[in-house]
Amino acid sequence: MKKILAFILALSMVLALSACGGSAAAPGNNTPSDAAPSDSAQEQAPVTIQMTYPPSANATTDLEMQWVRDKVLEATDGKVTFELYPGSSLATDKVALDSIMTGTLDSAGVTLNSLAQTIPELNTRCLPFSFDSIEQYWKVMQSNEYHEKMTETFDNYGIVYLGNSGNALRGIATTKEIHVPADCTGLKVRIMDGTIYQDMYSLWGFGTSTISFGEVYTAVQQGVVDGCDADLNAMEFMAFGEVCPFYLETMQVIHGICHIVSKDAWSQVTPENQEKILDIFRQMENGVSYDIWKEYYDKSMAKMDEWGVKVSTLTPEETTQWKDASQPIYDKYKSVIGEDYYDWYLELLAKYAD
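Values in this document were obtained by computation on a predicted structure and should not be read as measured data.

Novice: Help me get a handle on helix α5 (residues 134–141), residues and values and all.
Specialist: Counting buried positions along α5 yields six of eight residues, so the element is predominantly enclosed. When α5 is considered as a whole, its buried residues turn out to be Ile-134, Gln-136, Tyr-137, Trp-138, Val-140 and Met-141. In the core, the buried residues of α5 are packed alongside α6 (144–156), β4 (159–169), β10 (254–262), α11 (271–307) and α13 (339–351).

Written as structure tokens, this is what we have:
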């Protein structure tokens, strides 16, 4: 009996040890530290990025951003949505830029003259008559060199650069016909805010005002100003052609809207979707933007004909007079921009000159 009990006890101990050994080995194959990372960690949580910009609804910039919004929604399977607020309906340029830098606003399209007051390097894009032709402009804007430099420049200020839209050929709408700077003495025009614009228009002989763009129509009617700095799209959308019978397409600057996003908002987008979004902005810059601009340029020009606006372009001799009058801007802003950056920009322009 004692032998039987001893055998049973020994057998029980062996079975117990075997069970313990088995249970210890099993969890070792499934511990969290050994498990492969879950795919869900890389999945995009739904995110909405609010973007505001100055041009009004259905202006060229708004149409470009509608295209971007739809493509981003498709490329990210509906996980990333750009919510658009044209007409600066969320914030004006300066407020938008400050808010993005502090992370209290997701995204914005900001005019170059406003950006230049905080990021002086961007005064390069405001230098008058720096482009010889619209073809040169498009080559520069679509180049990898320009895009990489903008990405680096904005990153230095804690901002993510997305791309450039708008691409407006600026000109001067007036109640009196002008062709050269000598014709401008005594005229007062509305200009965009920014010291570089005040400097250049003063050099040309104009008096200047920075009233709201929405007030220009009435201000011209009342004789407060004699015209404004504008592009043809604005001449149509804001109906300036009804009160300004003359438009000189000087092309003194070819402006655009820089689209930027805060790093806080950008961090909510997965790296994979960040690449998709940046690629969509490049697609917009490299073809879609031009198609939209050209369609609306032709449409606006037809509207000028309907209103009886006399649209003039500069002769080579007249262009020389405007450029000569503008030279002090280059002398003054080289040091403001920074000599290395200034030289890089002019070399880039020379590379893509006709």
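Novice: Mind laying out the sheet that holds strand β3 (residues 107–111), listing which residues take part and the relevant values?
Specialist: Taken together, five strands build an open sheet; the order of strands is β2-β1-β3-β10-β4 and the sheet is mixed. Edge positions in the sheet fall to β2 (80–85) and β4, since each of these pairs with one other strand and no more. Within this sheet the neighbouring strands show an average axis-to-axis angle of 25°, counted without direction. Pairing of β3 with β10, which is carried by five bridges, proceeds in the antiparallel orientation. Paired with Gly-109 across the two strands is His-259, which belongs to β10.

Novice: So what's going on with the environment of Lys-276? Which residues, and what values?
Specialist: Position of Lys-276 relative to the elements: it lies in helix α11. In sequence terms Lys-276 and Ala-75 are 201 residues apart; their C-alpha atoms lie 6.9 Å from each other.

Novice: Quick rundown of the confidence of the model for the protein chain? Include the residues and the values.
Specialist: In this model, the protein chain carries a mean pLDDT of 88, and residues with pLDDT of at least 70 account for 88%. Of the regions scoring below 50 in pLDDT, residues 1–41 engages in one contact with residues more than four places distant in sequence or in other chains.

Novice: Before we move on, could you go through the packing of helix α12 (residues 316–337) against α13 and cite the residues and values that matter?
Specialist: Contact geometry of α12 with α13 gives a least axis separation of 6 Å together with a crossing angle of 120°. In this structure, α12 contributes Tyr-330, Lys-334 and Ile-337 to the contact, and α13 contributes Glu-339, Tyr-341, Tyr-342 and Asp-343. Looking at side-chain class alone, the contact of α12 with α13 contains four nonpolar, no polar and three charged residues.

Novice: Mind laying out the packing of aromatic side chains, listing which residues take part and the relevant values?
Specialist: Under the criterion given, the structure shown has 17 aromatic pairs. Aromatic side chains Tyr-201 and Phe-206 sit 5.4 Å apart centroid to centroid with 50° between the ring planes, which places their arrangement in the tilted category. The burial state of Tyr-201 is the same as that of Phe-206; both residues are buried. Measuring from centroid to centroid gives 5.2 Å for Trp-293 and Tyr-297, while their planes differ by 35°, and the two rings are tilted. Note that Trp-293 and Tyr-297 are positioned in helix α11 at a spacing of four residues, about one turn of the helix. Considered together, Trp-293 and Tyr-297 belong to a single accessibility category, that of buried residues. Feature note: the residues Phe-131, Tyr-137, Trp-138, Tyr-290, Trp-293 and Tyr-297 constitute an aromatic cluster, connected by ring pairs. The residue whose ring lies beneath Lys-149 is Trp-344, and the NZ or CZ to ring-centre distance is 5.3 Å.

Definitions and cut-offs
Counting from 1, residues in each chain are numbered in the order their sequence is written. Selection of residues for local features in this predicted model requires a pLDDT of at least 70, selection of side-chain atom pairs for listing and counting requires 80 or more, and totals for whole chains, interfaces and linings are taken over all residues. Here the side-chain values reflect all heavy atoms present in the structure, with hydrogen atoms and water set aside. For the exposure calls, accessible area comes from a 1.4 Å probe over protein chains only, and a residue counts as buried if that area is under 20% of its type's maximum, exposed if over 50%, partly exposed in between. Secondary structure follows DSSP: runs of H or I at least 4 residues long count as helices, runs of E at least 2 residues long count as strands, and numbering of each begins at the N terminus. In this description, contact between two residues means that some pair of their heavy atoms is separated by no more than 4.5 Å. DSSP calls a pair of strands paired once it identifies at least 2 bridges connecting them. A fitted line through C-alpha atoms serves as each axis, taken over the contacting stretch for helices, and the angle formed by two N-to-C directions is quoted from 0 to 180°. A residue's pLDDT is the confidence the predictor assigns to it, expressed on a 0 to 100 scale. When residues are sorted by character, Ala, Val, Leu, Ile, Met, Phe, Trp, Tyr, Cys and Pro go into the nonpolar class, Asp, Glu, Lys and Arg into the charged class, and all the rest, Gly among them, into the polar class. Note on aromatic pairs: the rings of Phe, Tyr and Trp (six-membered ring only in Trp) are paired at centre separations within 6.5 Å, and the planes decide the class, stacked below 30 degrees, edge-to-face beyond 60, tilted for the rest. For a lysine, the NZ atom is tested; for an arginine, the CZ atom; a charge sits over a ring if that atom is within 6 Å of the ring centre and within 35 degrees of the ring normal.

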